[in-house]
Amino acid sequence: MLEVIKIEKNFKKLKVLKNISFNVEPGEIVGILGENGAGKTTILKIITGLIIQDEGYINIMNQPLNKKSKKNLGLLLEGDRNLFLNYTVKENIIYFGSLNGIIGKKLKENTEELLKKLNLKNIENKIVSDLSRGMKQKLSLATTLIGDPNIILMDEPFLGLDLESKDIMIKTIKNLLKEKKSIIITSHDMDIMEKLCQRVIILHKGEILIDETVNTLKQDLLNSKSYTIEYKFNNYNLIKNEIQKNKNIIIENFDKNNFSFSGYKDKNLFYDVINILKDLNVEIISSKQKLPDLKEIYLNITKGYEL
Ligand SMILES: Nc1ncnc2c1ncn2[C@@H]1O[C@H](COP(=O)(O)OP(=O)(O)OP(=O)(O)O)[C@@H](O)[C@H]1O
Ligand SMILES: [Mg+2]
């Protein structure tokens, strides 16, 4: 569906993207995560031809990026740069529809459908310059979707949206997936990305560190989950000393009634600790485990690359 092949980009002497390759299939949603300046927006702009790469190729539905294949793409950029501020909400949608070759009855129907879906019906006759930021964001999405693109690229679509608008945005994205669209989305909101994306690409200083399904990432880090054990014992220093002898165990917190620990890729970690407690005759009151979330995974992966 969408292929990004060995893209390189420099802005003057600054290397902004290095050897970027990935694919997105129909019905798939990929999240691009990365710090400010990592190169996320630049990738989306290169895919849509707004910025020309120095090296590499973009293929859209097995065609190189050109005027015709570009019709399959819809790009939602931050802010209102692609809207006509002196026109109404409805006029903007109609204009972008006609730009995409949709006319007549179909244009009318699609416009009405989007106005309703995105909760814009009650402001359809408002001039865009009078709209709030979130309303403009939803209108931008409508103008992106009116051409019914197969591949949809969204740069920070949730930025500045209130809860209700965020919900509408999420529902709209989920429906697009049901229609087998390919979606790329960038965001700093890890909770939403974790819920929405099947796959994430972690970009760091213009390089792809990770391109994995969210499930695989979680599975990989499963053994680094952290545990909390509540216990009764009169000599907690003794427990601490014994546990510290195992270098794979990272003690996160230790006090007289409970302690938390984690470790990386050690399946037996939990049992090792339990065995130590058993040998010392420590009474265990309760134990809890916590799976890593996307935020912890992201921090864990990028941490090693900071230097
Ligand atoms: N037109 C440009 N001219 C020169 N440098 C640019 C240009 N556009 C982007 N850059 C630089 O390229 C790098 C990547 O920018 P980009 O906007 O892609 O980052 P980003 O990952 O989208 O960041 P953010 O999370 O802040 O949106 C940054 O160092 C930025 O300063
Ligand atoms: Mg950006």
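Conventions used here
- Residues numbered from 1 in each chain as written.
- Chains lettered and ligands numbered in written order.
- Predicted model: local features only at pLDDT ≥ 70, side-chain atom pairs only at ≥ 80, totals over all residues.
- Heavy atoms only, no water.
- Helix = DSSP H or I, 4+ residues; strand = E, 2+ residues; numbered from the N terminus.
- Rg over C-alpha atoms; globule rule 2.2 N^0.38 Å.
- Buried < 20%, exposed > 50% of the residue type's maximum accessible area, 1.4 Å probe, protein only.
- Contact = heavy atoms within 4.5 Å.
- Areas by Shrake-Rupley, 256 points an atom, 1.4 Å probe, with all protein chains shown as cover.
- Lys, Arg positive; Asp, Glu negative; His and termini not counted.
- Charge placed at Lys NZ, Arg CZ, Asp CG, Glu CD.
- Pairing = 2+ DSSP bridges.
- Axes fitted to C-alpha atoms, helices over the stretch in contact; angles between N-to-C directions.
- Salt bridge = Lys/Arg side-chain N within 4 Å of Asp/Glu carboxyl O.
- Parallel < 35°, antiparallel > 145°, perpendicular 65-115°, else oblique.
- Left-handed = near helix turned anticlockwise from the far one by under 90°.
- Nonpolar A, V, L, I, M, F, W, Y, C, P; charged D, E, K, R; others polar.
- Near = heavy atom within 4 Å.
- Polar contact = N/O pair within 3.5 Å; in protein donor to acceptor, adjacent residues only side chain to side chain.

### Some words on the overall build of the protein chain
And step 1. Helices and strands together make up the secondary structure of the protein chain, namely 10 helices and 14 strands.
And step 2. Relative to its length of 307 residues, the protein chain is extended, with a C-alpha radius of gyration of 25 Å against a globular reference of 19 Å.
And step 3. For the protein chain, the residues scored as buried account for 47% of the 307 residues in total.
And step 4. For the protein chain, long-range pairs separated by at least 24 residues make up 68% of all intrachain contacts whose partners lie at least 6 apart in sequence.
And step 5. Accessible surface, the protein chain as shown: approximately 16,600 Å² in total, 49% of it carbon and sulfur.
And step 6. Distance from the positive charge centre (47 side chains) to the negative charge centre (40 side chains) of the protein chain: 3 Å.

### Observations regarding the sheet that holds strand β9 (residues 199-204)
And step 1. The strand order across the open sheet formed by six strands is β6-β7-β8-β3-β9-β10, and the pairing between neighbours is mixed. One side of each edge strand has no neighbouring strand; the edge strands of this open sheet are β6 (73-76) and β10 (207-213). Within the sheet, the average angular offset between the axes of one strand and its neighbour, ignoring direction, is 15°.
And step 2. Where strand β7 (residues 151-155) lies against strand β8 (residues 182-186), five bridges are found, and the strand directions are parallel. What sits directly across from D155, in β8, is T186.
And step 3. Where helix α4 (residues 133-145) meets the sheet, it contacts β6 and β7, and its direction lies at approximately 170° from that of β6.
And step 4. Packing of helix α5 (residues 163-178) onto the sheet brings it into contact with β3 (29-33), β6, β7 and β8, and relative to β8 it is tilted by some 150°.

### Overview of the pattern of salt bridges
And step 1. Using the criterion set out here, one finds 13 salt bridges in the structure.
And step 2. We note a salt bridge from D148 to K181, for which the minimum N-O separation is 2.8 Å. Of this pair, D148 sits in the loop between α4 and β7 while K181 sits in the loop between α5 and β8, and the two are 33 residues apart along the sequence.
And step 3. Since its relative accessible area comes to 46%, D148 is described here as partly exposed.
And step 4. Overall, K181 belongs to the buried group, its relative accessible area being 5%.
And step 5. Taken together, the shared-partner salt bridges in this structure form one network comprising K90, E112, K121 and E124.

### A closer look at the packing of helix α2 (residues 89-99) against helix α3 (residues 104-117)
And step 1. Interhelical geometry of α2 versus α3 gives an angle of 130° and a closest axis separation of 10 Å. Between α2 and α3, the angle falls in the class oblique. The chirality of how α2 crosses α3 is right-handed. Along the contact surface, α2 presents V89, K90, I93, I94, G97 and S98, while α3 presents L107, T111, E112 and L115.
And step 2. A per-class count over the contact of α2 with α3 returns five nonpolar, three polar and two charged.

### Re the site of ligand 1
And step 1. Neighbouring residues of ligand 1: 13 residues in total, closest G37, G39, K40, T41 and T42.
And step 2. Interatomic distance of 2.9 Å between a backbone N/O atom of G39 and an oxygen atom of ligand 1.
And step 3. Look at ligand 1: alone it shows 640 Å² of surface, and the protein chains cover 60% of it.
And step 4. Residue assignment for the shell around ligand 1 shows that the elements contributing at least two residues are β2 (14-24) and α1 (40-47).
And step 5. Ranked by the residues each element gives to the shell around ligand 1, the list is headed by α1, at three residues.
And step 6. Residues of the shell around ligand 1, tallied by class, amount to four nonpolar, six polar and three charged.

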